[in-house]
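# Topology and contacts: notes
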Amino acid sequence: MAAARLLLRRAVRGVTRAGRLYSSEGAEGSAPKGNKAEKIPKIYTKTGDKGYSSTYTGERRPKDNLVFEALGTTDELTSAIGLAKEFCLDANLQCVAELEKIQCRLQDIGSNIATPLSSARESHKVNTSFNEDSVQELEQWIDKYTVQLPPLTSFILPSGGKASASLHVARAVCRRAERVTFKLLQTGEADSRVGKYLNRLSDYLFTLARYAAKAEGRPETIYTRINP
């Protein structure tokens, strides 16, 4: 289950217990349903106004805690991949389903990160475990695209069309997500398989960016040293 859904579900339960849902007919946040108003939770809960948020295990931690830094960067990565996916769709590239699957995997990773092992019960660990088979899947995809590409003999700059360049952006964000998550791994707060997946994902995004440029017939910009 995705970390965002898990945290939202917890937040919704907290809102319900606090009685903050509108129930009067016609009030903002409710919708008529016959003679009764259907309760609709607000997107904001105000529980984080003092700079603290909840993990899946129920801990309240400062928002600058590594857990939330890793969660936020992973969310940023998912968004970057979403943008790249749209460019790939416009270019009719055969990788859209893969990118969608990766976004789902990243939600699973977020769920794992949101469950610090130091406070997780066994039921938490079962619900948020991460399967290493997904790492092997990435490797298979990397190999599939690599055999279609010319050997890399020079440094290349993010280029090669919108799809390729946006995949390079996602690759750079992925590297940052990996660096932040590695700090959690060092403290034993997250599953080591999460780190492996992010490491392999950056390789996949780099390879796919090169493939996108080739598939669209767009040249990649080669790095050249600029002499002063």
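Calculation criteria
Residues numbered from 1 in each chain as written. Predicted model: local features only at pLDDT ≥ 70, side-chain atom pairs only at ≥ 80, totals over all residues. Heavy atoms only, no water. Helix = DSSP H or I, 4+ residues; strand = E, 2+ residues; numbered from the N terminus. Core = buried A, V, L, I, M, F, W, Y, C linked by side-chain atoms within 4.5 Å. Buried < 20%, exposed > 50% of the residue type's maximum accessible area, 1.4 Å probe, protein only. Contact = heavy atoms within 4.5 Å. Salt bridge = Lys/Arg side-chain N within 4 Å of Asp/Glu carboxyl O. pLDDT = per-residue confidence, 0-100. Expected span 1.5 Å × (residues − 1). Arc of directions from axis to C-beta. Axes fitted to C-alpha atoms, helices over the stretch in contact; angles between N-to-C directions. Parallel < 35°, antiparallel > 145°, perpendicular 65-115°, else oblique. Nonpolar A, V, L, I, M, F, W, Y, C, P; charged D, E, K, R; others polar. Left-handed = near helix turned anticlockwise from the far one by under 90°.

## Focus: the overall build of the protein chain
A tally of regular secondary structure across the protein chain gives seven helices and six strands. The N-to-C order of helical and strand elements in the protein chain reads α-β-β-β-β-α-α-α-α-β-α-α-β.

## A word on the nonpolar core
One finds L77, L99, I102, L201, Y204 and L205 to be the most contacted residues of the largest nonpolar core, which totals 44 residues. Residue assignment for this core shows that the elements contributing at least two residues are α2 (66-90), α3 (96-113), α5 (133-146), α6 (162-186) and α7 (192-215). Broken down by element, this core gets its largest block of residues, 10 residues, from α7. In this structure, L201 is in contact with L77, I81, I102, L106, L138 and C174, ignoring residues within four places of it in sequence.

## A few points about the environment of R176
Within the fold, R176 resides in helix α6. Taking the C-alpha atoms as reference points, R176 and S202, separated by 26 residues in sequence, lie 9.8 Å from one another. Residues within four places of R176 in sequence aside, it is in contact with T73 and E76.

## Some thoughts on the pattern of salt bridges
What the rule picks out here adds up to 10 salt bridges. One salt bridge connects E137 with R105, and the closest N-O pair in it is separated by 3.6 Å. Taken as a pair, E137 in helix α5 and R105 in helix α3 lie far apart in primary sequence, 32 residues in all. A relative accessible area of 22% means that R105 is categorised as partly exposed. Taking the shortest distance from any N to any O, the salt bridge between R210 and E220 comes out at 3.5 Å. You can see R210 sitting in helix α7 and its partner E220 sitting in the loop between α7 and β6 (221-222), a full 10 residues away along the chain.

## Here's the deal with the confidence of the model for the protein chain
Low-pLDDT stretches of the model should not have their predicted coordinates read in fine detail. Of all residues in the protein chain, 71% attain a pLDDT of 70 or more, and the chain-wide mean is 80. Segment residues 1-32 is flagged for pLDDT under 50; beyond a separation of four residues in sequence, or across chains, it makes 61 contacts in the model.

## Details of α5
Helix length check: α5, at 14 residues, gives a terminal C-alpha distance of 20 Å against a target of 20 Å (1.5 Å per residue), a fit within 8%. Within the span of α5, buried status applies to S134, V135, E137, L138, W141, I142 and Y145. The arc that holds the buried residues of α5, viewed along the axis, is 155 degrees, so those residues lie on one side. Buried positions along α5 lie against α3 and α7.

## Some points on the packing of α2 against α3
Contact pair α2 / α3: the axes reach a minimum separation of 10 Å and the direction vectors enclose 170 degrees. Between α2 and α3, the angle falls in the class roughly antiparallel. Contact residues: α2 offers V67, A70, L71, T74, L77, T78, I81, G82, K85, C88 and L89, while α3 offers V96, L99, E100, I102, Q103, L106, Q107, I109, G110 and I113. Residue composition of the contact of α2 with α3, grouped by class: 13 nonpolar, six polar and two charged.

## A short note on the environment of S111
By the secondary structure assignment, S111 is in helix α3. Of the residues examined, S111 reaches a relative accessible area of 1% and is grouped as buried. Sequence separation between S111 and F130 is 19 residues, and the spatial gap between their C-alpha atoms is 9.1 Å.

## A closer look at the environment of S159
Here S159 shows up in the loop between β5 (156-157) and α6. Taking relative accessible area as the criterion, S159 reaches 11% and is therefore assigned buried. Sequence separation between S159 and E220 is 61 residues, and the spatial gap between their C-alpha atoms is 5.4 Å.

## A word on the packing of α5 against α7
Two packed helices can be described by the angle between their axes and the distance between those axes. It is at 9 Å that the axes of α5 and α7 come closest, and there the two elements cross at 20 degrees. As far as their axial angle goes, α7 and α5 are roughly parallel. Between α5 and α7 the crossing geometry is left-handed. From α5, S134, V135, L138, E139, W141, I142, Y145 and T146 reach across to α7, where they touch R193, K196, Y197, R200, L201, D203, Y204, T207, L208 and Y211.

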